[in-house]
Amino acid sequence: MKVDKSLREVWDWKDKVYEETKHLSIRETARKIHEDAQQIKKKYGLKLKMLHLTEK
């Protein structure tokens, strides 16, 4: 089966993210995603509304 290059790149990206986060708890994973989003927002000067994590 021939797989499109862009689909293969998405699969590779998904596998990389999984390897980086598989040892984290759900809370730690959510925190990492939030921190990464903050960095992207700052890097590109995006004016996005962010929801903040709350500790319970």
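Residues numbered from 1 in each chain as written. Predicted model: local features only at pLDDT ≥ 70, side-chain atom pairs only at ≥ 80, totals over all residues. Heavy atoms only, no water.

Visitor: So what exactly am I meant to see when it comes to helix 2 (residues 26-44) here?
Guide: Three- or four-residue spacings in an α-helix give side chains the same orientation, since the helix completes a turn every 3.6 residues. For helix 2, built from 19 residues, the straight-helix expectation of 27 Å at 1.5 Å per residue is met to within 8% by its first-to-last C-alpha distance of 27 Å. Immediately beyond the C-terminal end of helix 2, within one or two residues, lies Gly45, with a positive phi of roughly 65°. (Helix = DSSP H or I, 4+ residues; strand = E, 2+ residues; numbered from the N terminus. Expected span 1.5 Å × (residues − 1).)

Visitor: I'm lost on the layout of surface pockets in this one. Help?
Guide: A probe as big as a water molecule, rolled over the atoms, marks out the empty space that is left. Reported here for the largest pocket is a volume of approximately 180 Å³. If you go around the largest pocket, the residues you meet are Val17, Glu20, Thr21, Thr29, Lys32, Ile33, Asp36, Gln39 and Ile40. Of all the secondary-structure elements, those providing two or more residues to the lining of the largest pocket are helix 1 (5-21) and helix 2. With 6 residues, the top contributor of residues to the lining of the largest pocket is helix 2. (1 Å grid on protein atoms, 1.4 Å probe; cavity = no way out; pocket = protein on both sides within 12 Å on 5 of 7 lines; lining within 4 Å. Points joined across faces, edges and corners; volume = space filled by probe spheres on them.)

Visitor: Please clarify how the side chain of Thr21 should be interpreted in this entry.
Guide: Structurally, Thr21 is set in helix 1. Among all residues touching Thr21, those that are not within four sequence positions of it are Thr29 and Lys32. (Contact = heavy atoms within 4.5 Å.)

Visitor: What should I look at first to understand the pattern of salt bridges in this one?
Guide: For the coordinates displayed, the defined rule picks out 3 salt bridges. Here Asp15 makes a salt bridge to Lys14, at a shortest N to O gap of 3.7 Å. A residue is classified by how much of its surface remains accessible, and Asp15, at 42% relative accessible area, is partly exposed. The exposure class assigned to Lys14 is partly exposed, which follows from its relative accessible area of 47%. Taking the shortest distance from any N to any O, the salt bridge between Lys32 and Asp36 comes out at 3.0 Å. Of this pair, Lys32 and Asp36 both sit in helix 2, separated by 4 residues, roughly a single helical turn. Residue Asp36 is classed as partly exposed on the basis of its relative accessible area, which comes to 32%. (Salt bridge = Lys/Arg side-chain N within 4 Å of Asp/Glu carboxyl O. Buried < 20%, exposed > 50% of the residue type's maximum accessible area, 1.4 Å probe, protein only.)

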